[in-house]
Amino acid sequence: MKGNLVKWLMLLCLTCYLTTTTISVSTPNSSMKKTYIVHMDKAELPETFTDHHQWYSTMVNSVADKLKTQDEATEEEDGEERIIYTYQTALHGFAATLSEAEARKLEGKNGVVAVHPETVYQLHTTRSPEFLGLHPEDSTSVWSESLSDHDVVVGVLDTGIWPESQSFNDTGLTPVPSHWKGICETGRGFTKLNCNRKIVGARVFYRGYEAATGKINEQDEYKSPRDQDGHGTHTAATVAGFPVRGANLLGYASGTARGMAPGARVAAYKVCWAGGCFSSDILSAVDQAVADGVNVLSISLGGGISSYYRDSLSIAAFGAMESGVFVSCSAGNGGPDPVSLTNVSPWITTVGASTMDRDFPATVKLGNRQILSGVSLYRGRMNLSLRKQYPLVYMGSNSSSPDPSSLCLEGTLNPKAVAGKIVICDRGISPRVQKGQVVKDAGGIGMILANTASSGEELVADCHLLPALSVGEIAGKAIKSYALRNSKPTATLAFLGTKLGVRPSPIVASFSSRGPNFLTLEILKPDVIAPGVNILAAWTGKAGPSGLPTDHRRVNFNILSGTSMSCPHVSGVAALLKARHPEWSPAAIKSALMTTAYVHDNTHNPLRDNSDAAPSTTFDHGAGHINPSRALDPGLVYDLGPQDYFEFLCTQMLTPPQLKAFSKSSNHSCRHALANPGDLNYPALSVVFPEHPSLSVLTLHRTVTNVGPPTSKYVSRVSPLKGVTVTVQPRTLQFTSKIQKLSYKITFTTKSRQPLPEFGGLVWSDGVYKVRSPIVVTWLVPI
């Protein structure tokens, strides 16, 4: 946003588009078979069937093409084989291979709620506990309870787990909680002995993946819970890793690595493979995880945005929430572009990414003696002398548009031009570390990775295979200008190790996906931000730290960045809150995280956006940066139950069949308890004035639950806004008992319609507790 009216107008056009269209993948040939998710009304089971699977098989047979030879399987066997999964806990229905024509026929069958094509999701790829104020070894800490006090199980949907990591040591843990019903599946490289009191469950889901891509090559991939990618091990360790002293990546970030909830248990659900993560597998994992007894689900992946009733993960997460499971998902890495969020359903906690106060500085010293700063995690045999200058080359031009050579794409560098030189590469198209491999293969001795306008000044450190560092856009332009204007440009690179106490921090990561949530403007997203840049955590023993096939280094810990890393921070803190407050609902836990989040950095200034160094907004950081210690004791919470969320869906103009995907066989029905979606008892406040200026007054209603001292008096305070006057009634809330609920209404009266959204906050305070809700006021513009 930030003053760009044209962009805001474009976004308003987009919202109209999103409310009338959905995203799906069409099949070019209606006879070709692909996987479809079929949502069913379980209560419609005909009396002639003894179980649902039999019913589903017969239903598939009834729409199947009848062109079969005598050598092919019978219709009954065919229907049985074409069903990949049956869902029966978090959602009801099945996944099956169908042609487009068969899927259309199935939509008209009795009991069928919806039929959606398979969606492919992608991964959103030790200092953080201290940065977040978690000090388990400190006897004065609010988190100092013994590890055995935690019986919370966190299900991690990812690439599996590397069980040999010391982060999954179960020393000091009591026996597996009695409520846990999960198992430890076996397979190549994974036995039941790989599970323990820390890794209490491990399962694998691949039927949807194989249906789309063919059989998994078991020589190249572990068809078992074992993680060869590393992503799943990293996220699981971030959630609940056992403290490991002396952890580091090639000497960088040395210290004690531990997860957010080191006493929590981990259940690994492997749903991601070399070719991606398929929705039928993900849904089966969610369904099974809820049946197994997880308390928290951590899902660091996303697959774009579509309407609530077409988003199968949203439907499954709704079912998990109904069972009391807290669901945390990554916001995505589509920033700094606005409207780039995924996983925006209000019953999901959507997590953006921030930096920490730790950095890995490196410098470029040019032949003209100019020194520019960057970052790097390089440590290897190839080193450049600080006393010597090396030839420098940039294969691009003065044009603002990068070309294949300047991007250092595979096969684009001429060895004669780059051999023995430091090569400047523009960021984009290919992975950052892969560019270094291209330079190395062409004979280059080093690389300077320069940000372009899309990545701005944000610096993400990488474990390169040759001496290399990353610089921001401004420094990159200066280096490229020097290289192009001098006949014999030179440079050298220096790597300065680990730096702590960086100021300002935290900062909103440039890559972190942004709001607004144009699926429903009244529901603010992301919910919170958490550390997601340069996070140290456990790693697989099967891949090098760069993740490249040519990287033969092996490390016990790796440093990664992405909202994939911020999501498990919130999942782990949610596990801590669940352990301390087992009676809290998922909504209460989310509320505690949101209303105690902070919006100022360690220099006491408003949080900044790393993409442009300007102050970030609620669309960037949500309610703010998580503050675990305050979330433990928030004073008040905004609570919600399944029926409340269903009432929200009733405001979204969904048809009865579309709503059925969420109500399933339960007693949920529209009672029209909400005047508008903004009245959902959400911890954030978003008021949307329609295009017509005649409506100038809007009121939202909220109810807070006292989880602090029995007797307390809270007074409201609202930050001033240019476009509206804001009144809160009543202005004070007087509580006389714990778990008491009191309601208030907040009215917004337009003074002058603003061209861009306005941001502020409402704080309820009793002198000890400060319960903050972000406010966004939006005036829609006539199109």
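Residues numbered from 1 in each chain as written. Predicted model: local features only at pLDDT ≥ 70, side-chain atom pairs only at ≥ 80, totals over all residues. Heavy atoms only, no water.

(A) Quick look at the overall build of the protein chain. Summing up its helical and strand segments, the protein chain has 18 helices and 39 strands in all. Burial status across the protein chain gives 60% buried among its 783 residues. (Helix = DSSP H or I, 4+ residues; strand = E, 2+ residues; numbered from the N terminus. Buried < 20%, exposed > 50% of the residue type's maximum accessible area, 1.4 Å probe, protein only.)

(B) Fine view of the sheet that holds strand β4 (residues 112–117). Read from one edge to the other, the open sheet built from four strands follows the order β2-β3-β1-β4, with strand pairing classed as antiparallel. Of all the strands in the sheet, just β2 (83–87) and β4 have a single pairing partner and so form its edges. When strand polarity is set aside, the average angle formed by the axes of neighbouring strands in this sheet is 30°. For strand β1 (residues 33–40) and strand β3 (residues 93–99), the ladder comprises seven bridges, and the chain directions are antiparallel. Bridge pairing in β3 places Thr35 opposite Thr97. Against the sheet, helix α2 (residues 52–63) contacts β1, β2, β3 and β4, and its axis sits at roughly 140° relative to β2. (Pairing = 2+ DSSP bridges. Axes fitted to C-alpha atoms, helices over the stretch in contact; angles between N-to-C directions. Contact = heavy atoms within 4.5 Å.)

(C) Here's a closer look at unusual backbone geometry. For the bond running from Arg503 to Pro504, omega is -5°, close enough to zero to count as cis. Position of Pro504 relative to the elements: it lies in the loop between β25 (499–500) and β26 (507–508). At the junction of Ser505 and Pro506, the peptide bond is cis and its omega measures out at -5° in the coordinates. Secondary-structure assignment places Pro506 in the loop between β25 and β26. Phi angles above zero are rare outside glycine, and Met653 is one such case at about 60°. Inspection of the secondary structure assignment puts Met653 in the loop between α17 (642–650) and α18 (656–663). A relative accessible area of 75% places Met653 in the exposed class.

(D) Local environment of the side chain of Asn194. For Asn194, the position within the fold is in the loop between β6 (153–158) and β7 (199–204). For Asn194, the side chain forms a polar contact with the main-chain nitrogen of Thr191, separated by 2.8 Å. Non-local contacts of Asn194, meaning those with residues more than four positions away in its chain, are made with Pro163, Glu164, Gly189, Ile199 and Arg226. (Polar contact = N/O pair within 3.5 Å; in protein donor to acceptor, adjacent residues only side chain to side chain.)

(E) Looking closely at the nonpolar core. The biggest cluster of nonpolar side chains holds 132 residues, and the ones touching the most others in it are Val286, Trp347, Leu649 and Phe662. Apart from the residues within four sequence positions on either side, Leu649 is in contact with Tyr308, Phe318, Trp347, Leu654, Leu659 and Phe662. One finds Val687, Val728, Phe735 and Leu742 within the second-largest nonpolar core, a separate group that totals 25 residues. (Core = buried A, V, L, I, M, F, W, Y, C linked by side-chain atoms within 4.5 Å.)

(F) Quick peek at the packing of aromatic side chains. According to the stated counting rule, one finds 20 aromatic pairs in the structure shown. Centroid distance Tyr209 to Phe278: 5.5 Å. Interplanar angle 70°. Geometry classified as edge-to-face. Here the residue Tyr209 occupies a position in helix α6 (residues 207–213), and Phe278 occupies one in strand β12 (residues 276–278), the gap between them amounting to 69 residues. Both residues of the pair, Tyr209 and Phe278, count as buried. (Phe/Tyr/Trp six-rings, centres within 6.5 Å; stacked < 30°, edge-to-face > 60°.)

(G) View of the pairing of β1. In terms of burial, β1 is largely enclosed, as seven of its eight residues are buried. Sheet topology note: the β1/β4 ladder contains five bridges and is antiparallel. Considered in β4, the bridge of Tyr36 is made with Pro117.

(H) Layout of the pattern of salt bridges. Applying the stated criterion to the full structure yields 17 salt bridges. A salt bridge links Glu185 to Arg203, with the nearest nitrogen and oxygen atoms 3.7 Å apart. Taken together, the residues Glu185 in the loop between β6 and β7 and Arg203 in strand β7 connect sequence positions 18 residues apart. Across the pair Arg553 and Asp551 runs a salt bridge whose closest N-O atoms are separated by 2.9 Å. (Salt bridge = Lys/Arg side-chain N within 4 Å of Asp/Glu carboxyl O.)

(I) View of helix α14 (residues 586–595). Summarising burial for α14: 10 of the 10 residues are buried, a large majority. For α14, every residue scored as buried is listed here: Pro586, Ala587, Ala588, Ile589, Lys590, Ser591, Ala592, Leu593, Met594 and Thr595.

(J) The pairing of strand β32 (residues 685–689), seen in detail. Counting buried residues in β32 gives five out of five residues, a clear majority hidden from the surface. What you see with β32 is no split at all: Leu685, Val687 and Phe689 on one side and Ser686 and Val688 on the other are buried throughout. Sheet topology places β32 next to strand β39 (residues 770–779); five bridges connect them, and they run parallel. Considered in β39, the bridge of Val687 is made with Val777.

(K) How the structure looks around the state of the cysteines. What the rule picks out here adds up to four disulfides. Between the sulfur atoms of Cys184 and its disulfide partner Cys195 the distance amounts to 2.2 Å. Linking Cys184 and Cys195, the disulfide has an S-S dihedral of approximately 85° and is accordingly described as right-handed. Highlighted residues: Cys184 in the loop between β6 and β7 and Cys195 in the loop between β6 and β7, separated in sequence by 11 residues. Judged by its relative accessible area of 10%, Cys184 falls in the buried class. Given the relative accessible area of 14%, Cys195 is considered buried. The partner cysteine of Cys650 in its disulfide is Cys670, sulfur to sulfur 2.0 Å. Taking the sign of the S-S torsion, -90° for the link of Cys650 and Cys670, the bridge is left-handed. (Disulfide = S-S within 2.5 Å.)

(L) Summary view of α18. Burial in α18 covers these residues: Gln658, Leu659, Ala661, Phe662 and Ser663. The inward-facing, buried residues of α18 abut β4, α9 (312–322) and α17. Looking one or two places after α18, you find Lys664, whose phi comes out positive at around 50°.

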